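Each chain, letter by letter, is given below.
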Amino acid sequence: PERSEPYQSAEDFAQSYPFVGYHFSLVESIYKALGKLGAQAQQDFGERSMLSIFQQALCSLAENECGELVPLYAFYESLEPCFGEAEQALVKRAAGLVELQPLDLLILKLLLLQRPLGTSVTLHDLATHAVTSLDMEKLSRKEALVGALRRLEALCLIARDADKYSFLSGVE
């Protein structure tokens, strides 16, 4: 349920900032999909939980300057308990790998967030979902993402099929 443009109008931007407009439906879809998988989300799903998820993501930006946006991976911390133990353990193990850079772990979390939807994502999708600033240049961000994806793939934490990437739980 993503829109091709993150904002429909200046008013839409003002009402959504610092979130990107499609975050609302995308995060809700992820949360509902986790609930269908029988995870903790099924017990907790509701308006109050969605508000909590967005509040926690917003608080992660509290110290940042004006013009910063909430990237999709900022929702991972509040959704983490909804994932299975295997996925949580894999992310924690990856956090301790010296071969990985901070961006790599954020991209791993972003790919895990997409997993309940049953979708693989392209480099363009990742670059869009990882935008953290209104001034961020997408081309330079894509170059950094390519490096992150290569490191994650080399460690068998993600899979690539042509131009699409997906999280590997360790079971595959």
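Computed from a prediction, not measured in an experiment: that's the story for all the values here.

(A) Examining the confidence of the model for the protein chain more closely. When pLDDT is averaged across the protein chain, the result is 84; 85% of the residues are at 70 or more. By mean pLDDT, the top-scoring element of the protein chain is helix 7 (residues 102–114) (96), and the lowest-scoring one is helix 3 (residues 41–44) (50).

(B) A look at the sheet that holds strand 1 (residues 121–122). Strands sit in the order 1-3-2 across an open sheet of three strands; the sheet is antiparallel. Two strands bound the open sheet, and with one partner strand each, they are strand 1 and strand 2 (158–161). In this structure, strand 1 lies alongside strand 3 (residues 164–167), joined through two bridges in antiparallel fashion. In the strand pairing of strand 3, Thr122 is matched with Lys164. Most of the contacts of helix 7 go to strand 3, to which it runs at about 85°, and overall it touches strand 1, strand 2 and strand 3.

(C) Inspection of unusual backbone geometry at higher detail. Here the phi dihedral of Cys156 falls at roughly 60°; this positive angle occurs in a residue that is not glycine. Tracing the chain through its elements places Cys156 in the loop between helix 9 (138–154) and strand 2. Judged by relative accessible area, Cys156 falls into the exposed class, the value being 56%. The backbone of Ala162 sits at a positive phi, close to 60°, despite the residue not being glycine. With respect to the helices, strands and loops of the structure, Ala162 is situated in the loop between strand 2 and strand 3.

(D) Here's a closer look at helix 2 (residues 23–36). Here helix 2 spans 20 Å end to end across 14 residues, near enough to the 20 Å set by a 1.5 Å rise per residue. Taken together, the buried positions of helix 2 are His23, Leu26, Val27, Ile30, Tyr31, Ala33, Leu34 and Gly35.

(E) Inspection of the packing of aromatic side chains at higher detail. Under the criterion given, the structure shown has six aromatic pairs. Between the aromatic rings of Phe19 and Phe54, the centroid separation amounts to 5.0 Å while the plane-to-plane angle is 75°, which identifies the pairing as edge-to-face. A residue pair is termed long-range when its members are at least 10 positions apart, and Phe19 in the loop between helix 1 (10–16) and helix 2 and Phe54 in helix 4 (residues 47–59) qualify at 35 residues. Of the two residues, Phe19 and Phe54, neither departs from the other in class, the shared state being buried. Pairwise contacts between aromatic rings join Phe19, Phe24, Phe54 and Phe75 into one cluster.

Reading the values: the criteria
Residues numbered from 1 in each chain as written. Predicted model: local features only at pLDDT ≥ 70, side-chain atom pairs only at ≥ 80, totals over all residues. Heavy atoms only, no water. pLDDT = per-residue confidence, 0-100. Helix = DSSP H or I, 4+ residues; strand = E, 2+ residues; numbered from the N terminus. Pairing = 2+ DSSP bridges. Contact = heavy atoms within 4.5 Å. Axes fitted to C-alpha atoms, helices over the stretch in contact; angles between N-to-C directions. Buried < 20%, exposed > 50% of the residue type's maximum accessible area, 1.4 Å probe, protein only. Expected span 1.5 Å × (residues − 1). Phe/Tyr/Trp six-rings, centres within 6.5 Å; stacked < 30°, edge-to-face > 60°.

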